[in-house]
Structures are given as C-alpha cells and as structure tokens.
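This is what each chain is made of:
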Amino acid sequence: MSRSRPRRSPISPRLVVLGTLLLSYAWALVVPLRLTRPPSALTTAGYVVGLAVFGAALALVLRAAVSPGQSERIRIRLIGLLVVVSLALWPPSFAWAEPGHEPWAWVAGFVIGASALAVPRAGVVVAVGLGVMAVTGAVAFDGAVAASLGTAIGSGVVVWLTGLVLVWLLGLLWAAERGRDAEAGLVIAQERLRVSRELHDVLGSRLGIIALKAELAADLAATDPARSAAESDEIRAIAAATLAEARRAVHGETVADLPTQIASAELVLRSAGIATTVDVDTTRVPASVSRLLAAVVREAVTNVLRHSDARTVSIAFPGTGPRRTLVIVNDGAGGTRSGIAAGAPSAGTGLASLAARCAASGARLVAGPVDDGRFEVRVELAPRTPGPP
C-alpha cells in the first residue's frame, strides 16, 4: 500500500518567479538611463553606478517578496534601503532629465511596486512619500507635476499588479506542493497503521501462547520429558508460523481471508488448551466479505486469549439464509483478567473499530455477554441481492 511520490522539478519555482520579476523590473534601470542626459562621461559613469546600486537593492526586495521565510522586519529594512538609494538618484534624475520626460518618476514607480509586493502596508507608505517627492521634483525643476505624479503612481500600480500575479501563482504552486506532501505523509501514516494493526493481530495472541507453552515445557522438563519435548516442538512450529506471518505483514502480503484465519484460530486456541468448535462453510463465503469476517475472527480470538478465562470457543457461519451471520461464542465472560471483560475491545484496534468497518460494508456487529457466562460476537451481513433467474 505504498505510493511513490511525484518527482519534483530540479528547477525551483521560486527562482523561476524571481527571475521573471527581475526581468520585468529591469526597466527600472533602462528607462531612467534612456531619459537622462548627464553632462559628462564622468557623471554618466557615476549615474550608471548609482543605477546599478539601485538595481541591487531592488533585487533584494524582490527576493524577499518571494521568500516566505523572510521576516517582515528584514523586508522593511530592505525597503528602507531601496527608498534611500532611489532618493539618492532624485537630484541627478531631475537635473539631467530629457525635456518633457520624468525619469525619476519611473524609478519611484518601480520602488512603489516592489515595496507593495514585499509588504503591502509599507507599499502604501512608500507610495505617499515618493509621490510627494515626485511632485516636489517637478516643482523644483519646472517639470509637469501631473505627469510626474501620474507616472510614479501609475507605473507603481502596474508593476505591482504584474508582480502580484506571479507571486500569487507561486503561492498556488506552494499550496499544491504542501498538499502533495500532506498526501504522501498520509500514505505513510496509513502504511504504518496497517503494519502496526497487522503485527498486533499476528503477534498479540501468538506471543501469549508461546509464553504459556514455554512455561509449561519448563515445568514438565523434569517430570515428563516427552511431553516437554512435544510442547517445545509446538512452540517452534507456532514461532515459525508467526515469524512468516509477521514478515508477510511488513511487506503487505498478509493473507487475510476467512479460511486462513479459521485455521489460524484453531491452531492458537487449541494450543492454548481451549476446546474449539468450528462450523463454517468457507466454500460459500463470498470474496467480498471474506476479509471482513477474517478480521472479526482474528480480533475475537485475540481478545479471548488476552482478556478471558475461556475454556471453550465456538465459531459458526452456516453461509445460508437471506441474512448470513457469523457467531463467535466463548464461555469466559464470567471470569475476567485484570478487570477486563472477556472479549472487550483491545486498545487501538478493537471491536469498536471493527463495528464501524462492518457498518461501512452494510453489515452489523454486536458484541456482549449472553446467558450462562458466555460472551458473543455476532456479525450480520447484508442480505444478498437476488441474482437474475
């Protein structure tokens, strides 16, 4: 019952989104450089260096925006660094602007978009502050106030929405990966539960019988060596069968049909000195209910061995009639061990869980004391659907 996990792409989706954002925001360097005319080669070099520093700060903010583990405090500090660098470009961008253009407004727009992408509420504060600076620059350098403010705010909104779509898609991918991881974890948990349930059913009764027989063999070693040897042979046989079933359980190969469980029940009950009567027509048990009835037999026998002083057990399933019924009765309800009633559900995987499983299959499980100190487990199967004539 194992499922292989889908292989993940060797390319991180976060890096893909970050690369796309960096390419989109590269216009924050190209546009100001194309719309300014520095007076000399030296000032041009200085302006290029300033834009490069601005690009590095912008890349750090975008990286923080697509890093879910990055704290908000660090993001705000990076936004502050980006704003400071953009303000350093404010004087030369306005002073060296081509006529009729607003290069610094474009810088402000990309800062606003990146800041809102990293910390939305910080983006609002940055938009207000840089919007004021854009208006101030337009007034101070005889520019168009409306054009400067409109470019800053408008480009900020556009680049923010563009980045927001990419980050939203990345979030969807992360959610899908978390769901896939949760599904894989659930499969592993179900497999562990299956193994623990199978080992509980296989080992729960067998180890108790092995312990009792080993104690009996030790007591008989001095007085009846022949019987002690016979008990030792039975211990070896039961241990070998138990080991084989445990291995099949671990590898998911446990045989859990009704005939197998009836044979196992007879072995362990008679080895424990409990007289066993079996009246089961296994040839008439449909495959669809064989595993269900096998689980009931296994749990009932385990409870008899662990929690009762039963001396006789009967298992009956005639397999005829409109509503077929499996009945397992033991005479140990009058005697209890450790204060637990005979046949009481064992911890973790007991008759209560089997009752729910039966109900899901349309069957009904009832367990409890009956007359004369007996305990009965009864499973009533759903009526058979009449076949075609």
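These numbers come from a predicted model, not from an experiment. (Residues numbered from 1 in each chain as written. Predicted model: local features only at pLDDT ≥ 70, side-chain atom pairs only at ≥ 80, totals over all residues. Heavy atoms only, no water.)

Peer 1: Looking at this model, I keep getting lost on the overall build of the protein. Mind explaining?
Peer 2: The helix and strand inventory of the protein stands at 12 helices and 5 strands. Taken over 389 residues, the protein has a buried fraction of 41%. Within the protein, residue pairs in contact and separated by at least 24 positions form 73% of the contacts whose partners lie at least 6 positions apart. Carbon and sulfur atoms form 64% of the exposed surface of the protein, whose accessible area is close to 20,100 Å². (Helix = DSSP H or I, 4+ residues; strand = E, 2+ residues; numbered from the N terminus. Buried < 20%, exposed > 50% of the residue type's maximum accessible area, 1.4 Å probe, protein only. Contact = heavy atoms within 4.5 Å. Areas by Shrake-Rupley, 256 points an atom, 1.4 Å probe, with all protein chains shown as cover.)

Peer 1: Is there a simple way to think about unusual backbone geometry in this case?
Peer 2: What is expected of a backbone is that most residues other than glycine have negative phi and most peptide bonds are trans. Its identity is not glycine, yet Asp 142 carries a phi of approximately 55°, on the positive side. Here Asp 142 falls in the exposed class, since its relative accessible area comes to 73%.

Peer 1: Help me out: how do you make sense of helix α10 (residues 258-271) in this one?
Peer 2: Turn by turn, an α-helix covers 3.6 residues, leaving residues three or four places apart pointing in a common direction. Over its 14 residues, α10 extends 20 Å from the first C-alpha to the last, a length consistent with the 20 Å expected when each residue adds 1.5 Å. Among all positions in α10, only Leu 258, Gln 261, Ile 262, Ser 264, Ala 265, Val 268, Leu 269 and Ser 271 are buried. Where α10 ends, the next residue or the one after it, Gly 273, has phi of about 80°, a positive value. (Expected span 1.5 Å × (residues − 1).)

Peer 1: Would you take a moment to explain the confidence of the model for the protein for this structure?
Peer 2: Do not read the fine detail of predicted coordinates wherever pLDDT is low. Scored by pLDDT, the protein comes out at a mean of 81, with 87% of its residues at no less than 70. This stretch, residues 1-6, has a pLDDT under 50; its non-local contacts, to residues over four places away or in other chains, come to 10 contacts. (pLDDT = per-residue confidence, 0-100.)

Peer 1: How should I be thinking about the nonpolar core in this particular structure?
Peer 2: One broad rule of soluble globular proteins: the nonpolar side chains tend to lie buried together. Tyr 25, Phe 54 and Trp 104 are the most contacted members of the largest nonpolar core, which has 43 residues in total. When contributions to this core are tallied by element, the ones reaching two or more residues are α1 (13-25), α3 (41-65), α4 (72-88), α5 (90-95), α6 (103-118), α7 (120-140) and α8 (145-220). Per-element accounting of this core gives the leading share, 10 residues, to α6. The contacts of Tyr 25, once residues within four sequence positions are left out, are Leu 58, Leu 62, Phe 110, Gly 113, Ala 114, Leu 117, Val 159 and Trp 160. By size, the runner-up hydrophobic cluster in this structure holds 37 residues, among which are Ile 238, Val 268, Val 313 and Leu 354. (Core = buried A, V, L, I, M, F, W, Y, C linked by side-chain atoms within 4.5 Å.)

Peer 1: What's the story with the packing of α4 against α6 in this structure? I'm lost.
Peer 2: When two helices pack together, their arrangement is given by the angle between the helix axes and the distance between those axes. Close contact between α4 and α6 brings their axes to 10 Å; oriented N to C, the two are set at 180°. When the interaxial angle is binned, α4 and α6 end up roughly antiparallel. Taking contact as the criterion, the partners of Arg 75, Ile 79, Leu 82, Val 83, Ser 86 and Leu 87 in α4 are, on α6, Trp 104, Val 107, Val 111, Ala 114, Ser 115 and Ala 118. Here the residues of the contact of α4 with α6 sort into 9 nonpolar, 2 polar and 1 charged. (Axes fitted to C-alpha atoms, helices over the stretch in contact; angles between N-to-C directions. Parallel < 35°, antiparallel > 145°, perpendicular 65-115°, else oblique. Nonpolar A, V, L, I, M, F, W, Y, C, P; charged D, E, K, R; others polar.)

Peer 1: I keep staring at the packing of aromatic side chains and nothing clicks. Help me out?
Peer 2: The geometry of an aromatic ring pair is captured by the separation of the ring centres together with the interplanar angle, meaning the angle of the planes. Scanning the entire structure with this criterion turns up 6 aromatic pairs. With centroids separated by 5.9 Å and ring planes inclined at 70°, the aromatic side chains of Trp 90 and Phe 141 adopt a geometry described as edge-to-face. One end of the pair, Trp 90, is in helix α5; the other, Phe 141, is in the loop between α7 and α8, and 51 residues separate them in sequence. On the basis of relative accessibility, which here comes to 15%, the residue Trp 90 falls in the buried class. Exposure remark for Phe 141: the relative accessible area of 36% places this residue in the partly exposed category. On the basis of an interplanar angle of 15° and a centroid distance of 5.7 Å, the ring pair of Phe 94 and Phe 141 is categorised as stacked. One end of the pair, Phe 94, is in helix α5; the other, Phe 141, is in the loop between α7 and α8, and 47 residues separate them in sequence. Among the aromatic side chains, those forming a connected cluster through ring pairs are Trp 90, Phe 94, Trp 104 and Phe 141. (Phe/Tyr/Trp six-rings, centres within 6.5 Å; stacked < 30°, edge-to-face > 60°.)

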